[in-house]
Amino acid sequence: MSFIFGLLGGLLGIILAVVILIFIVYISVQRFVGGVNLRDLFRVAKNVKDIQRQEYSREKEVNGMTKIYEPRIIEDFGDFNKELLYNVVEKGLTSIFNSIENKSMKYIKENKDLKLLEPEMEEFINDIKNREVDISYDAIKFHKHAIKKYERMDGMATVTVSSTVEYYYKNSEAKNDYSDIKKQTRYTTKFVYIYDDQKLDPSKISFAINCPNCGAPLKSVGAGECAYCGTYVEPVNLKSWKMLSYKEDYD
Ligand SMILES: [Zn+2]
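> Whenever I open this one, the overall build of the chain confuses me. Can you help?
Along the chain, the regular secondary structure elements total six helices and six strands. Within the chain, the proportion of its 251 residues that are buried is 19%. Taking contacts inside the chain between residues at least 6 apart in sequence as the whole, the part at least 24 apart equals 63%.

Have a look at this one:
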């Protein structure tokens, strides 16, 4: 019997200790928060949400240094015209958005400038198709572009472009649905121009051109015959700016 009482006593002690602890925490929180009541806290939370919504529809600034990079590119490529490249950015991203929205490679395959992005996009589109994710981009409008980076080495040159764009965006997987307001965002796209494929350093090439017949990566960017199935692959004209990657740069 005395054992049970001992146990109960111990238990009561623990409960008392916990109650005192909770009381101390309550007092500290009260002092820290001050006079703020629960309704004010909700108002703050709502304000954060309003700020997020405002930020969502505030036009972004392009992130680049065209004045520094443009003359360097022109020095290496006399016929370089940034407006033409910006046009490739707009058409390329629009083809990508259309392909994602329709879950079809059609729009990407119709755009020669996206040749190097095909394997990666095919994987992405198959994934959203399998998971039945619906994504849409409506009323797409581009604002400004700027050159963010330029590099040239080992037979190839890369140009990185920053672009601002707006659209109505809907994603069945998104946590916050802002599809009623127009999203203002920014993209970074990277382009490659191979001016001498003999000088290319294979360890520095991040892209692969796949055989349209068996899907195997082709050993040479100059194409020719597939080493696996022997299919003749038409060479891709890499003496033009091809999109290598694209990334949304919202923050
Ligand atoms: Zn093949």
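Once the structure has been displayed, the description carries forward.
> Where do I start with the sheet that holds strand E6 (residues 242-248) in this structure?
Sheets are built from strands that pair by backbone hydrogen bonding, the pairs being arranged parallel or antiparallel. Read from one edge to the other, the open sheet built from four strands follows the order E1-E2-E3-E6, with strand pairing classed as antiparallel. Single-partner strands in this sheet number two, and they are strand E1 (135-153) and E6. Within this sheet the neighbouring strands show an average axis-to-axis angle of 25°, counted without direction. Here helix H3 (residues 66-76) sits on the sheet in contact with E1 and strand E2 (156-171), set at roughly 65° to E1.

> What am I meant to see in the environment of Arg58 here?
When you line up the elements, Arg58 lands in the loop between helix H2 (38-56) and H3. Of the residues examined, Arg58 has 8 C-beta atoms within 10 Å and is grouped as exposed. Taking C-alpha positions, Arg58 is 9.6 Å from Glu166, a pair spaced 108 residues apart along the chain.

> Which parts of the structure should I look at to understand the environment of Ile125?
Considering the arrangement of structural elements, one finds Ile125 in helix H6 (residues 118-130). Classification of Ile125 by C-beta neighbours within 10 Å gives partly exposed; the count is 18. Between the alpha carbons of Ile125 and Ser104 there is a distance of 6.9 Å; along the sequence they are 21 residues apart. Contacts of Ile125, omitting those with residues within four sequence positions, involve Ser99, Ile100, Lys103 and Met105.

> Would you mind showing me how to read H2 here?
Since one α-helical turn is 3.6 residues long, residues separated by three or four positions face the same way. With 19 residues, H2 extends 27 Å from end C-alpha to end C-alpha; this agrees with the ideal 27 Å at 1.5 Å per step. With zero of 19 residues buried, H2 is to be regarded as a mostly surface element.

> What's the story with the nonpolar core in this structure? I'm lost.
Soluble globular proteins tend to bury their nonpolar side chains together. Formed by 31 residues in total, the largest nonpolar core has its most connected members in Val159, Phe191, Val192, Tyr193 and Met243. Those elements that place two or more of their residues in this core are H3, helix H4 (82-102), E1, E2, strand E3 (183-194) and E6. Not counting residues within four places of it along the chain, the set of residues in contact with Met243 comprises Gly92, Asp113, Leu114, Leu116, Leu117, Thr189 and Phe191.

> How should the pairing of E1 be read in this particular structure?
The side chains of a regular strand alternate between the sheet's two faces. Bridge count between E1 and E2: 14 bridges; the pairing is antiparallel. When the sheet's bridge partners are listed, Tyr150 is paired in E2 with Val159.

> Looking at this model, I keep getting lost on unusual backbone geometry. Mind explaining?
Leaving glycine aside, a negative phi is the common case for residues, and trans is the common case for peptide bonds. Phi at Lys103 takes a positive value of approximately 45°, unusual for a residue other than glycine. On the basis of neighbour count, Lys103 is assigned to the partly exposed category, with 18 C-beta atoms found within 10 Å. In the Ramachandran plot, Asp154 falls in the positive-phi region, its phi being about 50° despite a non-glycine side chain. Structurally, Asp154 is set in the loop between E1 and E2. You can call Asp154 partly exposed: it has 14 C-beta atoms within 10 Å.

The rules behind each value
Residues numbered from 1 in each chain as written. Predicted model: local features only at pLDDT ≥ 70, side-chain atom pairs only at ≥ 80, totals over all residues. Helix = DSSP H or I, 4+ residues; strand = E, 2+ residues; numbered from the N terminus. Buried ≥ 20, exposed ≤ 12 C-beta atoms within 10 Å, placed from the backbone. Contact = placed C-beta atoms within 7 Å. Pairing = 2+ DSSP bridges. Axes fitted to C-alpha atoms, helices over the stretch in contact; angles between N-to-C directions. Expected span 1.5 Å × (residues − 1). Core = buried A, V, L, I, M, F, W, Y, C linked by C-beta atoms within 7 Å.

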